[in-house]
Amino acid sequence: MQKFDTKVQYLKYQVLREVAKFAWEDTLAENVLGIPESIVPGRKPTMRCCVYKERAILTERVKIAMGNYKDNDHIMQVIDIACDGCPVGGYQVTSGCRGCLSHQCKEACKFGAISFDENYVSHIDKEKCKECGMCAKVCPYSAIIHLKRPCQNACKVKAIDYDENKTCVINYDKCISCGACAYQCPFGAISDRSYILDVVKVLKEAKADPSKKVYAVIAPSIGTQFTYATVGKVIAGIKKLGFTDVAEAALGADIVAINESKELLEKGFLTSSCCPGFVKFIENTYPDIVPYISHNPSPMVAISTVIKESYPGAKIIFIGPCTAKKAEVQREEVKDIVDYVITFEELQALLDSRDIDITALEEDTLTDASAFGRGFAKCGGLAVAVKEALKEMGHEDFDLKAVSSDGIEECNLNLIKWSKKVLDVNFIEGMACIGGCVGGAGCMTHSVQSKVMVDKYSKQAQSTIADALDNLDV
């Protein structure tokens, strides 16, 4: 069995597996209320008040797994009753305060929030504190710390708010659907909406009518997941689920690398368009930079377009590490090209819902993308691919000045620098997740060796982009 990073992920997987299992059998309606009990029969409460609340929370998880939650289209959802209402600590004085004579903290505070007791130990008045952080910066003992909730700390676009009960609330005007908050929440109170039932329905329809085609498009970060089996066996498992065939999104990356290089030659400056979280961040925060976003689609959309043109009416399911992809397929220009998105977590649940042991299957193969296309899975891979594409097109003389932004904070920093004309680049690659796609919230495991694993997987591919595109066979 695949090892998940956390028990929260495993619990989510269990719910998805049970929902899918009953959906295959057409017995979901009569079994849905029993899923919480089947997963944790007689479970004792953990940090909850009682086992009844545990089951109530599991019922909410079932609703998210079924895709019908809170009657809206937002991908990231908060399970209100699961939120622990973690302390919103702000800046706090720890026991490290020595009651020194310099009192630099008080001098630095412009709001009169610092006072001292009879032992000269600092105290912060929460009513006056504006959380500017100046006291923490000047304390010689580093005795003042800034406490944040895990979800708030994980969200680098400041989309996490709280209601009057200190329950987490998502500000969807800022949210980029990256899923970082969901992955970091210790109680699993934030989750991405699932479309696993839609995928089961499509696969069942294809089984009943073989003329209906269903294609899976698999992200290149597949090389870092399913560590208990080879990629070839995973592909065999996907086909056993009922998919007509499996295509590499990395082939779409090869298409993007060529076309984006042409666009760069024409315009002189671009930001990448591959990461939907990065694109959404620019749209939300830097509207003046929107015209500079590459007009090329993401690799997912590029290869899916080829498939749809070859097989009109086919259904396409993208499988990858990214929760933001679920938001991308809602975009007007994408919704008719890619039908549904599921994560690697959901793929594992689908396989197990059909009792498919991929380790027992014979090796299958993926279409041959290039090593550069597969390299899109890690931060910096796109910039390397663009450089290679320019070389293969005979434009080695073009002075590519690329910067790769690892995580949304670096994306923000580089966009600010470029806006202020202090960053001499002509191509900004943006990855919302740390490490790139290998750090996506929909990954089952986030290994420190992910980049090495991507490189190893890439070495099994075509050596040039041209070779990959020449052999493109839908």
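Residues numbered from 1 in each chain as written. Predicted model: local features only at pLDDT ≥ 70, side-chain atom pairs only at ≥ 80, totals over all residues. Heavy atoms only, no water.

> Would you mind going over helix α18 (residues 408–419) with me for this structure?
The α-helix advances 3.6 residues per turn, and as a result positions three or four apart in sequence lie on the same side. Along its 12 residues, α18 runs 16 Å from first to last C-alpha, staying within 8% of the 16 Å computed at 1.5 Å per residue. When α18 is considered as a whole, its buried residues turn out to be Ile408, Cys411, Asn414 and Leu415. All buried residues of α18 lie within an arc of 125° about the axis, which places them on one face of the element. On its buried side, α18 packs onto β11 (270–271), α12 (276–285), β14 (402–406) and β15 (427–431). Two residues or fewer past α18, lysine 421 is found with a positive phi of approximately 65°. (Helix = DSSP H or I, 4+ residues; strand = E, 2+ residues; numbered from the N terminus. Expected span 1.5 Å × (residues − 1). Buried < 20%, exposed > 50% of the residue type's maximum accessible area, 1.4 Å probe, protein only. Arc of directions from axis to C-beta. Contact = heavy atoms within 4.5 Å.)

> Would you explain the environment of leucine 350 in this entry?
With respect to the helices and strands, leucine 350 occurs in helix α15 (residues 344–353). Sequence separation between leucine 350 and leucine 241 is 109 residues; the distance between their C-alpha atoms is 8.0 Å. Residues contacting leucine 350, with those up to four places away along its chain left out, are Ala20, Trp24, Ile196, Val199, Val200, Leu241 and Ile342.

> Could you clarify how one ought to interpret helix α10 (residues 231–240) in this entry?
Burial of α10 is extensive: 8 of the 10 residues sit out of reach of the surface. Every buried residue of α10 is listed here: Val231, Gly232, Lys233, Val234, Ile235, Ala236, Gly237 and Ile238. The secondary structure elements touched by the buried residues of α10 are β9 (214–218), β10 (245–248), β12 (315–320), α15 and α19 (450–458). Note on α10: the residue one or two positions beyond its end, glycine 242, has a positive phi of about 120°.

> Please clarify how the pattern of salt bridges should be interpreted in this entry.
Any two side chains of opposite charge can pair, so long as their charged atoms come close to each other. In this structure the tally under the stated criterion is 21 salt bridges. For aspartate 192, the salt bridge identified is with lysine 326, shortest N-O distance 2.7 Å. A residue pair is termed long-range when its members are at least 10 positions apart, and aspartate 192 in strand β8 (residues 190–192) and lysine 326 in helix α14 (residues 324–328) qualify at 134 residues. The closest approach of N and O atoms between glutamate 283 and arginine 331, which form a salt bridge, is 2.8 Å. Separated by 48 residues along the polypeptide, glutamate 283 in helix α12 and arginine 331 in the loop between α14 and β13 (340–343) bring together distant segments of the chain. (Salt bridge = Lys/Arg side-chain N within 4 Å of Asp/Glu carboxyl O.)

Note that every value here comes from positions in space, so none of it alone points to a role or purpose.
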